[in-house]
Amino acid sequence: MRRRCQRADPVAARQRPHHQFPGLPQRGYALAVIHDENNNAKLDTLAGIPREGYGFSRNAAVRFGPPRFSAARFMVAGDAELQQVKMRYIF
């Protein structure tokens, strides 16, 4: 089941950007993160190659398109679950 999340704005300077999803049921999830540099609410591409930053949970490998759900999937087993996503920039 795909579910679009709310838009998250970066936190104050000198802190790493973060977002919280309180109250998630215990199950498997995957995250896709996009740095919408020009605020147009989409991932800009050039010939299918992202022009803005992107990343996936578990830092899943990206080949020709987004990773499979199973590659980015992580289990939420409690309230203190943390995922760090490495942002990738091509241009």
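Reading the values: the criteria
Residues numbered from 1 in each chain as written. Predicted model: local features only at pLDDT ≥ 70, side-chain atom pairs only at ≥ 80, totals over all residues. Heavy atoms only, no water. Helix = DSSP H or I, 4+ residues; strand = E, 2+ residues; numbered from the N terminus. Areas by Shrake-Rupley, 256 points an atom, 1.4 Å probe, with all protein chains shown as cover. Polar contact = N/O pair within 3.5 Å; in protein donor to acceptor, adjacent residues only side chain to side chain. Contact = heavy atoms within 4.5 Å. Buried < 20%, exposed > 50% of the residue type's maximum accessible area, 1.4 Å probe, protein only. pLDDT = per-residue confidence, 0-100.

J.: Any chance you could explain the overall build of the chain here in plain terms?
T.: Counting its regular elements, the chain contains one helix and six strands. N-terminal to C-terminal, the α/β element order of the chain is β-β-β-β-β-α-β. As displayed, the chain has an accessible area near 7,900 Å², and 51% of this comes from carbon and sulfur atoms.

J.: How do you make sense of the side chain of E52 when you look at a structure like this?
T.: For E52, the location among the structural elements is in the loop between β4 (49-50) and β5 (54-56). A polar contact is formed between the side chain of E52 and the backbone nitrogen of N38, at a distance of 3.5 Å. Of note is the side chain of E52, whose polar atom sits 3.0 Å from the backbone nitrogen of D44. Setting aside its immediate chain neighbours within four residues, E52 contacts H35, D36, E37, N38, K42, L43, D44, R88 and Y89.

J.: Would you mind going over the environment of V85 with me for this structure?
T.: The topology assignment puts V85 in the segment after β6 (74-75). On the basis of relative accessibility, which here comes to 24%, the residue V85 falls in the partly exposed class. V85 sits 30 residues away from G55 along the chain, and the two C-alpha atoms are 5.9 Å apart. Setting aside residues up to four positions removed in sequence, V85 forms contacts with V33, G55, F56, S57 and N59.

J.: It is not clear to me how unusual backbone geometry should be interpreted in this structure. Could you clarify?
T.: With the exception of glycine, most residues fall at negative phi, and the peptide bonds are largely trans. Unlike most non-glycine residues, A41 shows phi in positive territory, near 60°. Inspection of the secondary structure puts A41 in the loop between β2 (32-34) and β3 (45-46).

J.: Explanation requested: the confidence of the model for the chain in the structure shown.
T.: Note: predicted coordinates in regions of low pLDDT should not be interpreted at a detailed level. Looking at the chain, the pLDDT average stands at 85 and 84% of residues meet or exceed 70. The least confident element of the chain is β2, whose mean pLDDT is 92; the most confident is helix α1 (residues 69-72), at 96.

J.: Even after reading the chapter, I still don't get the environment of R88, so can you show me in this structure?
T.: As for its placement among the helices and strands, R88 is situated in the segment after β6. In this structure R88 comes out as partly exposed when scored by relative accessible area, which is 21%. In the structure, R88 is positioned 53 residues away from H35 in sequence and 9.5 Å away in space, judged by C-alpha atoms. Setting aside chain neighbours within four positions, we find R88 in contact with E52, G53, Y54, F56, N59, A60, A61 and V62. Among the polar contacts listed, one links the side chain of R88 to the backbone oxygen of A60, at a separation of 3.3 Å.

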